[in-house]
Each structure stands twice: as C-alpha cells, then as structure tokens.
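Topology and contacts: notes
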Amino acid sequence: MKRAPGRGRSSTVVGLVLLAVMLFPVYWTVNASLQPAGNTLQGGWFPSHPDFSGYITALRDQGGNLITSLVVSLGSVVLSLGLAAPAAHALAHFPLRGTNLVLFGVLIAQMVPSIAVANALYGAYQDLGLLNSYAGLVLADSTAGVPFAIIIMRSFMRSIPREIIDAARVDGAGRLRVFRSVVLPMSTNALITAAVFTFLFTWSDFLFALTLTTTDTVRPITLGIYQYVGAHTTQWNAVMATSVMASVPAAVLLVFAQRRVAAGATGGADG
C-alpha cells in the first residue's frame, strides 16, 4: 500500500520541527559561547563577530577539570570492563547454579539510585582515605558501569556459537585462553558498546563528584560547571564555552563508535 505524498511530507515536516526543537539548546549554547562577556539574552541570534574570549577563559579556569573527568572516565571504563567481561563470560558459558538469581541481583544494582550509593560510600571513603581522590571516583562511577556492562556483554556472548568454544577446548585451549583468544575478539562490538556507555555515565556524573569531593584537588567538569555558575556571573560566554568543550568528547565518541554500538546492542538480541 502506497503512502500518500502529502502524508509523507507532513511526517517530514513534523520530524524536522522536532529535530529543531531538540537541537536548539545546542545551537544556543554554541552561539552564547561566541558572544562577548555579559548577559546571553542580549546576544544576537547569530555571532556575526565571534568572540573566543569565553573559550580562553574556560580553558584557563576549567582545563584541569576536563583532564580530571577524562582520567576518571577512562579509569572507570578500564575497571568496569576488567570486572564485567570475565563475569559476563562466566554467566554466559559456565554451567553455574543460580545464574538467574545473579542476573536479577545485577539488575537490582542497576536500579539503586546514585544518591543512595554516594551517601553510603561517603562514610566508607572517609575511613579509607578515598575522599578527593581519582581512585575513589573511579570506584564509585564503576558501580554504574559494571552492572550495565555485564548485562550487555553476557547477552552478546551467549550468541557466540558453542561449537567455536568447544573446538578451541578440543585443540587444548584452557578456559582463560578461550576467553582471551576466542570470546573477547568475537565480542568486540559488545566491549565497545559497554565502554562507550560507561564513559558517558562517568563523564556526565554529578552526584558522586558532588558527594565524594570536598576540595579543589579532584574536581570533574560537571562539578566545575556547577560551581562556575554564580548568582551574579558576568561571564556566561565562558560558562557556555565550558559546556561546549564538555560536550565534545562525548559527541566525538558517539560519532566514531555508533556502528559498533548499534551492532553491540542488537548482537545478542536472540540470546
């Protein structure tokens, strides 16, 4: 049945309108970041004379916070994948009792509000000396990354044909060799998917940063932007420039990894 041309054009127009509404905050952020210092409401709709002083100020004030977020995010990715990949492999291929119960526990862990976890970690971190530390934030952010990574990778690993694993075992490969040389290379899309989402979770984290850091020693960019915005600030161009710079790593990562993410998210759909 053919769709009427008018109906197709109407759907296109509606789609474009919705896209414009969703992208308007991004446009306005970039536009405001290129305006002179002052009230963003006084800026024009298009920066006819771009002013990059906001970016210079943002780099001076927030450059260290961007590096902190990058270090913490990459550390969380490494730790989350290092814990989740073996766990997912065991849950997918080992004849373990209570697998469904373990998966249910993983799902429950994913549902726990971050603020509850942050408050519980604060007392423990205070005793262990992990407040205001990179290791403390990496561990805290991994509480969100590990459960998600286990769910994604276990689903994908279950789709790996059992015959391939059995053939490797017949050739003399042990469990560790099978995992390292067979399962991991075949699960590249799932690993990248888990890594991307773990990075995004950590990069956009605010609650853990706010709760577990009390000094300027370790301050992620989300907390830096929050503290950058004052009641009477006159440097909105610098604030907006910081927001733009904070969005770039996540946007670039998604652009380059989108095909892998799509394959990793759907690869275990039949599992």
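Everything in this summary refers to the structure shown in the same document. (Residues numbered from 1 in each chain as written. Predicted model: local features only at pLDDT ≥ 70, side-chain atom pairs only at ≥ 80, totals over all residues. Heavy atoms only, no water.)

As for the overall build of the protein chain
Along the protein chain, the regular secondary structure elements total eleven helices and zero strands. Element order for the protein chain, N to C, with α for helix and β for strand: α-α-α-α-α-α-α-α-α-α-α. In the form shown here, the protein chain has an accessible surface area of approximately 15500 Å², with 67% of it arising from carbon and sulfur atoms. (Helix = DSSP H or I, 4+ residues; strand = E, 2+ residues; numbered from the N terminus. Areas by Shrake-Rupley, 256 points an atom, 1.4 Å probe, with all protein chains shown as cover.)

Here we look at the pattern of salt bridges
In total, this model carries three salt bridges according to the counting rule given. Between aspartate 166 and arginine 162 there is a salt bridge, and its shortest N-O distance comes to 3.3 Å. Of the two residues, aspartate 166 and arginine 162 both sit in helix H6 (residues 162–170), four residues apart, roughly one turn of that helix. Note that arginine 219 and aspartate 216 form a salt bridge whose closest N and O atoms lie 2.2 Å from each other. Owing to a relative accessible area of 18%, arginine 219 belongs among the buried residues under this scheme. (Salt bridge = Lys/Arg side-chain N within 4 Å of Asp/Glu carboxyl O. Buried < 20%, exposed > 50% of the residue type's maximum accessible area, 1.4 Å probe, protein only.)

Things to note about a nonpolar patch on the surface
A cluster of nonpolar side chains, contributed by Val14, Leu16, Leu18, Leu19, Met22, Leu23, Val26 and Val30, occupies part of the molecular surface with about 750 Å² of accessible area. Relative to the elements of secondary structure, valine 26 occurs in helix H1 (residues 5–33). With relative accessibility at 51%, the residue valine 26 sits in the exposed group. (Patch = residues over 30% accessible without salt bridge, like charges linked within 9 Å, V, L, I, M, F, W, Y side chains within 5 Å.)

Topic: helix H8 (residues 188–203)
With 16 residues, H8 should cover 22 Å at 1.5 Å per step; its first-to-last C-alpha distance of 22 Å lies within 8% of that length. What H8 keeps buried is the set Asn189, Ala190, Leu191, Thr193, Ala194, Ala195, Val196, Thr198, Phe199, Leu200, Thr202 and Trp203. (Expected span 1.5 Å × (residues − 1).)

Some details on the packing of helix H2 (residues 53–93) against helix H5 (residues 134–158)
Each pair of packed helices gets described by two things: the angle between the helix axes and the distance between those axes. Two numbers describe how H2 lies on H5: the axes approach to 6 Å, and their chain directions differ by 35°. For the element pair H2 and H5, the recorded crossing hand is right-handed. For the contact of H2 with H5, a count of residues per class yields 20 nonpolar, eight polar and three charged. (Axes fitted to C-alpha atoms, helices over the stretch in contact; angles between N-to-C directions. Left-handed = near helix turned anticlockwise from the far one by under 90°. Nonpolar A, V, L, I, M, F, W, Y, C, P; charged D, E, K, R; others polar.)

Structural notes on the nonpolar core
One finds Met153, Met157, Val178 and Val183 to be the most contacted residues of the largest nonpolar core, which totals 44 residues. When residues of this core are traced back to their parent elements, those giving at least two are H2, H5, H6, helix H7 (175–186), H8, helix H10 (221–228) and helix H11 (236–266). The leading source of residues in this core is H2, at ten residues. Discounting residues that sit within four places of it in the chain, methionine 153 has contacts with Leu81, Ala84, Ala85, Ala88, Ala190, Leu191 and Ala194. (Core = buried A, V, L, I, M, F, W, Y, C linked by side-chain atoms within 4.5 Å. Contact = heavy atoms within 4.5 Å.)

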